[in-house]
Each structure stands twice: as C-alpha cells, then as structure tokens.
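So the chains spell out like this:
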Amino acid sequence: MARRKLVYEGKAKILYEGPEPGTLVQYFKDDATAFNAEKKDVIDGKGVLNNRLSEFFMTGLQRIGIPTHFIKRLNMREQLIRQVEIVPLEVIVRNFAAGTMAKRLGMEEGTQLPRPVVEFSYKDDSLGDPLVPEEYIVALGWASQQDLEDIIAMALRVNDFLAGVMHGVGIKLVDFKIEIGRVYDGEFPRLIVADEISPDSCRLWDIETNEKLDKDVFRRDLGSLSDAYTEVARRLGVLPQNNAPSGKPTLVN
Ligand code: TYD
C-alpha cells in the first residue's frame, strides 16, 4: 500500500490524508505531554484507549443529535474523521473548580460551581494557550458572535451528556476541553465537535473517593496513567468488566 500523506502531527495524534476528499485518518499516539510539552512520556496503550474512548463519546453525542467529526473507527489506533477547519480555540467547560481556574481565583480544587461555566483559550502552544475573553474572539475574527453563541450552546449540551454518562459510572466530570470544527455543506458553514474527547482532555474524579482518573495522574505523578484510563474504559463498558484495571488494555470488538 502506498504510504499515506501526513497532514499534521500533534503531541498526541497524527492526521493522515483520508481515503476520500474531505476525510482524514486520525492516529492516536502513546505520547503523553503536559505543561506545554515540558513534561513528556510514552504511556503504553494510551493511544489505543483514547481511540476507543473518543469513539464512545463521539458516537454517543451523535446519537443525541450533536454533530461530530467522527465517521468510524478503522483499527486499534485509527479512526476516520471528517476534515474540518479548526476554530483556533480550546473550549473549556467547568463544573467544579480545578486546574488554572482554582489557581487563578485561589479556590479549593473540587469546589462545585453554581452552574457550568464555559471559557475559551486561544490555541497557540508558543503562547501557552492563553485565556481569551469572548470579545477578543469576535473582534479578532476567530468566530462570529453567532458562532460563539452556537459554540457555547453546543459545549453545554456536550457537558450535560458527558456529565450524565460519567455520573452513571460513578465519575464526577470536573471539567473538559473540546475543539470545534467548521464544515461546509455547499455554501453553508456548520459547526461540529472535532479533535478528541478522552481522559487526556477531561478531569474525571471518582464520585466516592475523588481519586483522579485523568491526565492529572500524569501531570502530578499520582500513579499509573494507563491504570486510570483503563478504569474509565472498564466502567464505561468499553473494556470487558472483568479486565483488571492494572492489566494491559483488552479490546471488545
Ligand atoms: P485548565 O484547568 O484550564 O488547564 P490545566 O489543565 O493546564 O490545569 O484545563 C481545564 C480542562 O481543559 C482540563 O480538563 C484540561 C483541559 N485542557 C486541555 O485538554 N487542553 C488545553 O490546551 C487546555 C487549556 C485545557
């Protein structure tokens, strides 16, 4: 088979040209990075788990009428996706204070917010993804006012879905990040959920113990990241129930 053309290589994923125009193949690597890639490691099996978990969340969103870029999973590490024009924003939804919000405002991590809040960071690693006010986004032309309203509404729907699914398996959705893509159906631009949804881009805490089951395990050296992600996948039924959390990922077909 001819070698596929590489379109983009990021920290955790690679995009290749897809089999048809308007499609891409998204490959999930085992690389983990934090603090703007100052901390790096390779976590055996992370890419396999995130490929399955992102498929699980994206197909769930589609079933409740939220469009995403996901088309189908191709194999252990790859999925076919729609090519999109990425809106250069990290869209963050928070239900509990943690991470930069807790730090910035001096709040205790885990404090429940009176309602979910949506915030935006400008996607630029060299600047450290700075928080940006909505007014900048419109003024600088990254999204129109209407797009912004649609993105907020979509992010809150994603939050309700993810928080509900997680609650069902005893996990608190503290916060998460999504990226939004623009696709064109003829002349008409449409916004869809893109990139990935996985424990790399969420904060997930056990409801009973507050044990962290997300990338903070890696950021803060709290134990085995692969065990944490395997536990999330196991609870969601993406892995067989009898799969020991410490075992290597065993995949259900
Ligand atoms: P945040 O608390 O702002 O930053 P940090 O993770 O550096 O403490 O992150 C909120 C949530 O969004 C958290 O679950 C991580 C996720 N996120 C990403 O996945 N990528 C990003 O570039 C940013 C800014 C956040």
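Keep in mind the model is a prediction, meaning the values are calculated, not measured.

### Structural notes on the confidence of the model for the chain
Move 1: The predicted model of the chain has a mean per-residue pLDDT of 94, with 94% of residues at 70 or higher.
Move 2: Ignoring residues within four places in sequence, the model shows residues 241-247, a span with pLDDT below 50, making 12 contacts including any to other chains.

### Re the site of the ligand
Move 1: Close to the ligand lie 15 residues; Arg-94, Thr-100, Asp-129, Asp-175 and Arg-203 are nearest.
Move 2: Contacts to the ligand include Asp-129, whose side-chain N or O atom sits 3.0 Å from an oxygen atom.
Move 3: Asp-175 is positioned with one of its side-chain polar atoms (N or O) 2.6 Å from an oxygen atom of the ligand.
Move 4: For the ligand, whose accessible area on its own is 510 Å², the fraction buried by protein is 80%.
Move 5: The set of elements that each furnish at least two residues to the shell around the ligand consists of strand E9 (89-96), helix H2 (99-105), strand E12 (171-185) and strand E14 (202-206).

### What about the packing of aromatic side chains?
Move 1: For the structure on display, the rule yields 2 aromatic pairs.
Move 2: Centroid distance Phe-56 to Phe-57: 5.5 Å. Interplanar angle 75 degrees. Geometry classified as edge-to-face.
Move 3: Owing to a relative accessible area of 2%, Phe-57 belongs among the buried residues under this scheme.
Move 4: Note on Tyr-122 and Trp-142: the rings are 4.2 Å apart at their centroids and 10 degrees apart in plane angle, and the pair reads as stacked. In this pair, Tyr-122 is assigned in strand E10 (residues 112-122) and Trp-142 in the loop between helix H3 (134-139) and helix H4 (145-168), connecting sequence segments 20 residues apart.
Move 5: Overall, Trp-142 belongs to the buried group, its relative accessible area being 17%.
Move 6: Note that Lys-39 overlies the ring of Phe-218, its terminal NZ or CZ placed 4.9 Å from the centroid.
Move 7: Looking at Lys-212, its charged tip hangs above the ring of Trp-205, at a distance of 4.4 Å from the centre.

### Here we look at the sheet that holds strand E2 (residues 13-17)
Move 1: Taken together, 5 strands build an open sheet; the order of strands is E1-E2-E3-E7-E6 and the sheet is antiparallel. The open sheet terminates on both sides in strands that have one partner only, identified here as strand E1 (6-9) and strand E6 (70-73). Going across the sheet, the axis of each strand differs from the next one's by a mean of 25 degrees, ignoring polarity.
Move 2: Sitting on the sheet, helix H1 (residues 46-63) touches strand E3 (23-28), E6 and strand E7 (78-82), and the angle it makes with E6 is about 135 degrees.

What counts, and at which threshold
- Residues numbered from 1 in each chain as written.
- Predicted model: local features only at pLDDT ≥ 70, side-chain atom pairs only at ≥ 80, totals over all residues.
- Heavy atoms only, no water.
- pLDDT = per-residue confidence, 0-100.
- Contact = heavy atoms within 4.5 Å.
- Near = heavy atom within 4 Å.
- Polar contact = N/O pair within 3.5 Å; in protein donor to acceptor, adjacent residues only side chain to side chain.
- Areas by Shrake-Rupley, 256 points an atom, 1.4 Å probe, with all protein chains shown as cover.
- Helix = DSSP H or I, 4+ residues; strand = E, 2+ residues; numbered from the N terminus.
- Phe/Tyr/Trp six-rings, centres within 6.5 Å; stacked < 30°, edge-to-face > 60°.
- Buried < 20%, exposed > 50% of the residue type's maximum accessible area, 1.4 Å probe, protein only.
- Lys NZ or Arg CZ within 6 Å of the ring centre and 35° of its normal.
- Pairing = 2+ DSSP bridges.
- Axes fitted to C-alpha atoms, helices over the stretch in contact; angles between N-to-C directions.

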